[in-house]
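Survey of secondary and tertiary structure
So the chains spell out like this:
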Amino acid sequence: MSSSLSHPPAHLPPSVALQLSQQAPVTLRNTPSVISSYSLSTLWSAAETPELWTEYENLMLSCLRTGDEQSAGQCLERLTERFGAENERLMALRGLFQEAIAKDDAALKQVLGEYENILAKDPSNMPVSKRRIALLKTLGKTTEAITALNEFVDSSPTDAEAWAELADLYVTQGMYPQAIFALEEVLLITPYAWNIHARLGEILFMAGSTGDSSGDKYLAESLRRFCRSIELCDDYLRGYYGLKLATNKLLTSLPQASRQSKSDSTLPLPDLKTVERLNETATAKLSEIVRRSVSGECEGYDKGEVIAAKALLDSGATKTIR
Amino acid sequence: MAQIPVQTIHRDPQLFYWILIPITVVMILTGVLRHYATVLMATTPKKQELPAIREQRSLLRGINLRTNANAISPASFQARKDYLVNAYEKGDFLKEPDKKGQAAPNPMTDPAAMEGMMGMMKGNMAMMIPQTLIMGWINAFFSGFVMIKLPFPLTIKFKSMLQAGVATRDMDPQWMSSISWYVLCIFGLQSVFNYLLGSDNAASQMAQQMGQMGPGAGAQMFGPGVDPDKQFKAEAENLAVLAHEYTLAGVEQRLLETVKV
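Residues numbered from 1 in each chain as written. Chains lettered and ligands numbered in written order. Predicted model: local features only at pLDDT ≥ 70, side-chain atom pairs only at ≥ 80, totals over all residues. Heavy atoms only, no water.

Under the annotation held in an unreviewed UniProt entry, chain B carries the name ER membrane protein complex subunit 3 and is attributed to Hyaloscypha variabilis. UniProt, in its Subcellular location (unreviewed entry) section for chain B, records the words "Membrane". According to its UniProt record, chain B has this under Function (unreviewed entry): "The EMC seems to be required for efficient folding of proteins in the endoplasmic reticulum (ER)." (UniProt positions renumbered as here; feature names shortened; annotations may be inferred.)

Per an unreviewed UniProt entry, chain A goes by the name ER membrane protein complex subunit 2 and belongs to Hyaloscypha variabilis. The annotation that UniProt attaches to chain A under Subcellular location (unreviewed entry) is "Endoplasmic reticulum membrane". Reading the Sequence similarities (unreviewed entry) entry of the UniProt record for chain A gives the comment "Belongs to the EMC2 family."

Across its full length, chain B holds 11 helices and 2 strands. In chain B, the order of α-helices and β-strands from amino to carboxyl end is α-α-α-α-β-α-β-α-α-α-α-α-α. Put simply, chain B has 261 residues, and 34% of those count as buried. At a minimum sequence separation of 6, the contacts of chain B that also span at least 24 residues come to 72%. Of the accessible surface of chain B, which amounts to about 15,900 Å², a share of 64% is contributed by carbon and sulfur atoms. (Helix = DSSP H or I, 4+ residues; strand = E, 2+ residues; numbered from the N terminus. Buried < 20%, exposed > 50% of the residue type's maximum accessible area, 1.4 Å probe, protein only. Contact = heavy atoms within 4.5 Å. Areas by Shrake-Rupley, 256 points an atom, 1.4 Å probe, with all protein chains shown as cover.)

What follows covers the overall build of chain A. Across its full length, chain A holds 15 helices and 0 strands. The buried share of chain A, taken over its 322 residues, is 44%. Of all intrachain contacts in chain A linking residues separated by at least 6 positions in sequence, the fraction that spans at least 24 positions is 58%. Accessible area for chain A stands at about 16,500 Å²; split by element, carbon and sulfur atoms hold 54% of it.

Looking now at the pattern of salt bridges. One pass over the structure, following the stated rule, counts 22 salt bridges over all chains. Note that A:Glu185 and B:Arg80 form a salt bridge whose closest N and O atoms lie 2.7 Å from each other. Of this pair, A:Glu185 sits in helix H10 (residues 176-189) while B:Arg80 is found in helix H3 (residues 74-90), placing the two residues in two different chains. B:Arg80 shares its class with A:Glu185; the two are buried. A salt bridge links B:Glu252 to A:Arg224, with the nearest nitrogen and oxygen atoms 3.1 Å apart. Of this pair, B:Glu252 sits in helix H11 (residues 251-258) while A:Arg224 sits in helix H12 (residues 215-232), each in a different chain. One exposure class covers both B:Glu252 and A:Arg224, and it is buried. (Salt bridge = Lys/Arg side-chain N within 4 Å of Asp/Glu carboxyl O.)

Let us look at the interface of chain A and chain B. On the side of chain B, 39 residues touch chain A, which itself brings 42 residues to the contact. Taken together, the two surfaces of chain A and chain B that pack against each other cover about 3,700 Å², and 62% of this comes from carbon and sulfur. Run the count over chain A and chain B and you get 6 salt bridges. At the surface where chain A touches chain B, the tally comes to 13 residue pairs in polar contact (both at pLDDT 80 or more). In terms of residue class, the side of chain A that touches chain B is made up of 19 nonpolar, 11 polar and 12 charged. (Buried area = accessible area lost by both parts, 1.4 Å probe. Polar contact = N/O pair within 3.5 Å; in protein donor to acceptor, adjacent residues only side chain to side chain. Nonpolar A, V, L, I, M, F, W, Y, C, P; charged D, E, K, R; others polar.)

Among the nonpolar cores identified, the biggest contains 40 residues, and A:Leu135, A:Leu149, A:Phe152, A:Leu166, A:Leu183 and A:Ile203 are the most heavily contacted of them. Those elements that place two or more of their residues in this core are helix H5 (88-101), helix H6 (105-121), helix H7 (126-138), helix H8 (142-155), helix H9 (160-172), H10 and helix H11 (194-208) of chain A. Non-local contacts of A:Leu135, meaning those with residues more than four positions away in its chain, are made with A:Glu99, A:Leu108, A:Val111, A:Leu112 and A:Tyr115. Counting residues in hydrophobic clusters, the runner-up holds 33 residues, among them A:Ala198, A:Cys233, B:Tyr246 and B:Val259. (Core = buried A, V, L, I, M, F, W, Y, C linked by side-chain atoms within 4.5 Å.)

Next up on the list: the UniProt feature "transmembrane region" (unreviewed entry) in chain B. All names here are of chain B. The feature "transmembrane region" (unreviewed entry), as given by UniProt, occupies residues 15-37, 127-148 and 179-197 in the numbering adopted here. Here residues 127-148 is 73% helix and 14% strand, with 27 Å between the C-alpha atoms at its ends. Secondary structure content for residues 179-197 is 95% helix and 0% strand, and the end C-alpha separation is 26 Å.

This part covers the packing of H5(A) against H6(A). Residues and elements named next belong to chain A. The N-to-C vectors of H5 and H6 enclose an angle of 165°; their axes lie 9 Å apart at closest approach. Classed by the angle they form, the pair H5 and H6 counts as roughly antiparallel. In this structure, H5 meets H6 at a crossing whose hand is right-handed. Across the interface between the two elements, Met91, Ala92, Gly95, Leu96, Gln98 and Glu99 of H5 pack against Leu108, Val111, Glu114, Tyr115 and Ile118 of H6. Considered class by class, the residues forming the contact of H5 with H6 number 7 nonpolar, 2 polar and 2 charged. (Axes fitted to C-alpha atoms, helices over the stretch in contact; angles between N-to-C directions. Parallel < 35°, antiparallel > 145°, perpendicular 65-115°, else oblique. Left-handed = near helix turned anticlockwise from the far one by under 90°.)

Residues and elements named next belong to chain B. Remark: helix H2 (residues 50-68) packs on H3, axes separated minimally by 11 Å, with the N-to-C direction vectors making an angle of 145°. Between H2 and H3 the crossing geometry is left-handed. Contacts from Ser58, Leu59, Arg61, Gly62 and Leu65 of H2 reach H3 at Phe77, Arg80, Lys81, Tyr83, Leu84 and Tyr88. For the contact of H2 with H3, the per-class residue count stands at 6 nonpolar, 2 polar and 3 charged.

Attention now moves to the UniProt feature "repeat: TPR" (unreviewed entry) in chain A. Summarizing the sequence annotation, UniProt attributes the feature "repeat: TPR" (unreviewed entry) to residues 160-193 of chain A in the numbering used throughout. The span residues 160-193 of chain A is 79% helical and 0% strand by assignment, and the distance between its end C-alpha atoms comes to 11 Å.

Bringing a nonpolar patch on the surface into the picture now. Together, B:Phe16, B:Tyr17, B:Trp18, B:Ile21, B:Val25 and B:Leu29 give the surface a local cluster of nonpolar side chains, amounting to about 650 Å² of exposed area. In this fold, B:Tyr17 is placed in helix H1 (residues 13-41). (Patch = residues over 30% accessible without salt bridge, like charges linked within 9 Å, V, L, I, M, F, W, Y side chains within 5 Å.)

Quick look at the environment of B:Gln7 now. Residues and elements named next belong to chain B. In this fold, Gln7 is placed in the segment before H1. When the C-alpha atoms of Gln7 and Met171 are compared, they prove to be 7.8 Å apart, with 164 residues separating the residues in sequence. In this structure, Gln7 is in contact with Lys149, Asp170, Met171, Asp172 and Trp175, ignoring residues within four places of it in sequence.

Further remarks concern the packing of aromatic side chains. Following the criterion strictly, the structure yields 10 aromatic pairs over all chains and no others. For the ring pair B:Tyr83 and B:Phe93, a centre distance of 6.4 Å and an interplane angle of 80° mean the geometry is edge-to-face. Taken as a pair, B:Tyr83 in helix H3 and B:Phe93 in the loop between H3 and helix H4 (111-142) lie far apart in primary sequence, 10 residues in all. A residue is classified by how much of its surface remains accessible, and B:Tyr83, at 41% relative accessible area, is partly exposed. We classify B:Phe93 as buried; its relative accessible area is 3%. When the ring of B:Trp137 is compared with that of B:Phe142, the centres are 5.2 Å apart and the planes differ by 85°; the resulting orientation is edge-to-face. Overall, the relative accessible area of 28% leaves B:Trp137 in the partly exposed class. An aromatic cluster of at least three residues, connected via ring pairs, comprises B:Tyr83, B:Tyr88, B:Phe93 and B:Phe232. Residue placement shows A:Arg82 over the ring face of A:Phe83; its charged tip is 5.0 Å from the ring centre. Above the ring of A:Phe181, the side-chain terminus of B:Arg80 is found at 4.1 Å from the ring centroid. (Phe/Tyr/Trp six-rings, centres within 6.5 Å; stacked < 30°, edge-to-face > 60°. Lys NZ or Arg CZ within 6 Å of the ring centre and 35° of its normal.)

Shown next, in the form of structure tokens:
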């Protein structure tokens, strides 16, 4: 099997996922369908590897993404044969498969009912409770999903994935302080994740843009988060993009801000000169990144992000001309 | 100095076919069998109940907060610290809140701990029983045979090791008895098992010995006989005295100094 199958498929570009799934029937034919760990034949045939089963799982997810339900079903069958239907991870995978083939909301609700049955029997089944939350989100029951997630993180507070999901759900509800709290929990688990720093900066920026009295505090914090994310990862496009947005906003609001009362718990607002210099740096760096990625000099930037950065730069340029 | 005459012992070539090869083959086959027996006997690790998971992960959360506190703002840290220290001291995260303050249960009577010990017993038994049987079999049938001559000279100290079961004082230590061959097989078939069964097989003894020597740090932390309440109290104390230093303080200056456009 190809190497891209050994990574989780969530971040594969659609073209690669499609290619994988188109090759799925061939791949499935080429790998032995039954591998028993107890047969004598393991003495002379190649031993099964953990990678094989990861590949099956990823192949199944890719197939579901592209709508090849037959191959996905075959993967699931082989996994079930090997690990048994009672395996927690397989229960979640089977649920995922059923969600994918469900025709309407009624069928989805039925899957939800199954999840709840499983969880009633065994509340410590983490994969299935995560699926249940994801399904609640799919069904549009955001508040219920938030409640369920809160219970989940109460019993498993070291799960970064769950905290990040909770933060996203809170953002959709406009509950920024809660979202910030959840993302800070993620940072406590992975303190050097620059994408999380940038994401937290984005949420702080959103919270600062709502226009209440503490807006500038949020904006300053957001600016510093973006700075930190760039510090952790040079040339991080999202970080510079956010830095430019935050400094733009601060440059308009800082001059008329009253000199804030100095309290011990929060950092003081950055002075105007620093913000200006940061804005210049961000602009220069962004234009450099855009130029280099448009000319094809450096790969690896997301196309949409580069286009957005270009749009931001252009809007800033017209403003200064005016 | 007179040259010591080379000892020659005329051995029946049949010894080679009927002792050396059988012992080797039997050793390999028992190794393979033991591998499959261990795999079959292995119990899946008992699933933890939700309260137990919560207890462990809540403690880990405190540890995470302590190590990575600098990533969040002082206000956020203060709020979390107050909450966790309070909850730890009240024992909110304990799996059995009503048992707070009692001594840790004796690991011998704790059924969960017994499970792990049974697993270890099974592993040891799977090692010991076949070895005892084969040792007895070799002792009964093949004791006292001199089997091969090693192609290199050895000092006298090796005599007791290589000539077990042959009580001849003057024999050169190069000669090897059948029991010694068996002992050599026990330790020397490692790579054969690796080749046959894969590198993480249950027949290889090294893994077992390693397992007995040092159980992982994770097992130590939440193992039987550790009082979770005490752990929580200790963690609360650690958190309470922690000095917080915000990473984001002055980050914009740091950035401006390092970034070259």
